[in-house]
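# Commentary on secondary and tertiary structure
This is what each chain is made of:
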Amino acid sequence: MSPAPKKVLALAGGVGGAKLALGLARVLPPERLTVVVNTGDDDTFHGLHVCPDLDTVMYTLAGLADPERGWGIAGDTFWTLEALGRYGAPTWFKLGDLDLATHIRRTELLRQEWALSQITQELCRRLGVKQRVAPMTDQPVRTVVVTEEREMAFQEYFVRRGSQPRIRGVRFEGAPQAAPSPQFREALAGAEAVVFCPSNPVVSIGPILAVGGVRKAIATFRGPRLAVSPIVGGQALRGPAARMLAELGEEASCVGVARRYAGLCDVMVIDETDRHQAQRIRELGMDVAVANTVMRTDEDKEALARLVCELAGL
Ligand code: GDP
Ligand code: CA
């Protein structure tokens, strides 16, 4: 009998996470990959339940994602949003016409008391996504950003305010009381390796780790745990990750990311640009691999995923 296939649990936020998730999906047979996604960014717009990170991962794996923006559906139009604006509805959160179908369907199924993880499975199946994609939890978790002005929901900070207000902290409301989704629990118990995708360590991976029991499950996980740094040369490739680390008084570098993952991760993959930081990360008790971690093409994504799998001994 052949040995059981080695399964990988990937933790992801939106755009950065989806890139490595796509690479892993190109390298591993679908039944070997579970992608668990942050839902702290979820919010309600026009009465619809929107899960930006889940949708980014789902659209990316379905081959529907907009390659330039990284979020939403390629070729989408925004007529409905424009029409909503005519009624005075807020339109700062961009929702495309095709994208809206996802939120309408999800909201309808939530009203029928489906769990978010079941809904995600259903939407993925309909879009032909063969990998398992699951929310971190079926319970509501809300990322609250504590800024110098006031507290605000993550999308308000990120999209409406363009990450401009200085932050003092973040809070993941509901996370400690929440339980990991069934797919997440199963992967924590049965996967051979954990991969921290290059997602924002504060507001994408942070909420996942804050879900009840998750930090401990990863701290005591028996297989290899690997992370790809989202910070390259002291900067985020996009988004506020570096700025958020700095404003929280942490180092805005791959070392700062490694500090957050100390005790949770065995190997950090850092970019060639950051080769000189390797020793400082080793001092935190992790191995370091140096590679090109900037994923411009699908081939880049695949190459990085292949390296991650090799490092994990898969
Ligand atoms: P969001 O939820 O859409 O903000 O997405 P994530 O949290 O998953 O990803 C945001 C992070 O991805 C940022 O910190 C970026 O620096 C990082 N990122 C985006 N593209 C790449 C890439 O090609 N390589 C690496 N290493 N990081 C990336
Ligand atoms: Ca996000």
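Just above sits the structure.
To start, this report covers the structure provided alongside it. (Residues numbered from 1 in each chain as written. Chains lettered and ligands numbered in written order. Predicted model: local features only at pLDDT ≥ 70, side-chain atom pairs only at ≥ 80, totals over all residues. Heavy atoms only, no water.)

## As for the overall build of the protein
- Assigned secondary structure in the protein consists of 13 helices and 14 strands.
- Over its C-alpha trace the protein gives a radius of gyration of 19 Å, about what one expects of a compact globule, namely 20 Å for 314 residues.
- Taken along the three principal axes of its C-alpha coordinates, the protein extends 55 × 55 × 40 Å.
- Once local pairs closer than 6 in sequence are excluded, the contacts in the protein between residues at least 24 apart make up 68%. (Helix = DSSP H or I, 4+ residues; strand = E, 2+ residues; numbered from the N terminus. Rg over C-alpha atoms; globule rule 2.2 N^0.38 Å. Contact = heavy atoms within 4.5 Å.)

## A closer look at the side chain of T143
- By the secondary structure assignment, T143 is in strand β6 (residues 142-147).
- Residue contacts for T143: discarding those within four places in its chain leaves G40, D41, M152, A153, F154, R171, F172, V203 and P207.

## A few points about the coordination of the calcium ion (ligand 2)
- Coordination sphere of the calcium ion (ligand 2), protein contribution only: D41 (OD), D53 (OD) and D53 (OD), at 2.0 to 2.6 Å. With D41 in the loop between β2 (33-37) and β3 (43-45) and D53 in helix α2 (residues 52-62), this pair connects stretches of sequence that are 12 residues apart.
- Residue D53 is classed as buried on the basis of its relative accessible area, which comes to 7%. (Donors = N, O, S within 2.8 Å, 3.2 Å for Na, K, Ca; no water. Buried < 20%, exposed > 50% of the residue type's maximum accessible area, 1.4 Å probe, protein only.)

## Thoughts on the sheet that holds strand β14 (residues 287-291)
- With parallel pairing, 7 strands are arranged side by side in an open sheet as β5-β2-β1-β9-β10-β13-β14. The outermost strands of the open sheet, each flanked by one partner alone, are β5 (132-135) and β14. Averaged over all neighbouring strand pairs, the angle between strand axes comes to 20°, with direction disregarded.
- As paired elements, strand β1 (residues 8-12) and β2 share 5 bridges and run parallel to each other. The residue bridging A12 from the neighbouring strand is V37, located in β2.
- On the sheet, helix α1 (residues 15-27) packs against β1, β2, β9 (193-196) and β10 (225-228) and is oriented at approximately 170° with respect to β2. (Pairing = 2+ DSSP bridges. Axes fitted to C-alpha atoms, helices over the stretch in contact; angles between N-to-C directions.)

## Regarding helix α13 (residues 298-311)
- Relative to the 20 Å expected for 14 residues at 1.5 Å per residue, α13 spans 20 Å between its end C-alpha atoms, a close match to the ideal helical length.
- Taken residue by residue, α13 has K301, E302, L304, A305, V308 and C309 as its buried positions. The buried residues of α13 occupy an angular sector of 165° when projected down its axis, which confines them to one face. Projecting away from the buried face of α13 at angles above 90 degrees are the exposed residues E299 and E310.
- In this structure, the buried side of α13 is in contact with α1, β9, β10 and β13 (267-271).
- Backbone geometry just downstream of α13 places G313 in the positive-phi region, at approximately 75°. (Expected span 1.5 Å × (residues − 1). Arc of directions from axis to C-beta.)

## A closer look at the packing of aromatic side chains
- Taken as a whole and assessed by the stated rule, the structure comprises 6 aromatic pairs.
- Ring centres 6.3 Å apart and planes at 50° place the aromatic pair F154 and Y157 in the tilted group. Linking F154 with Y157, this pair stays in helix α6 (residues 154-160), spanning 3 residues, or about one helical turn. Like Y157, F154 is buried.
- Plain terms: the ring middles of F196 and Y261 are 4.6 Å apart, the flat faces sit at 35° to each other, and that makes the pair tilted. Of this pair, F196 sits in strand β9 while Y261 sits in helix α11 (residues 254-261), and the two are 65 residues apart along the sequence.
- Three or more aromatic residues joined by ring pairs make a cluster, and in this case those are F45, W92 and F93.
- The cationic tip of R69 hangs over the ring face of W71; the distance from NZ or CZ to the ring centre is 4.4 Å.
- In this structure, R222 is placed above the aromatic ring of F221, and the distance from its NZ or CZ to the ring centre is 5.0 Å. (Phe/Tyr/Trp six-rings, centres within 6.5 Å; stacked < 30°, edge-to-face > 60°. Lys NZ or Arg CZ within 6 Å of the ring centre and 35° of its normal.)

Treat this as a map of the structure, not an account of what it does.
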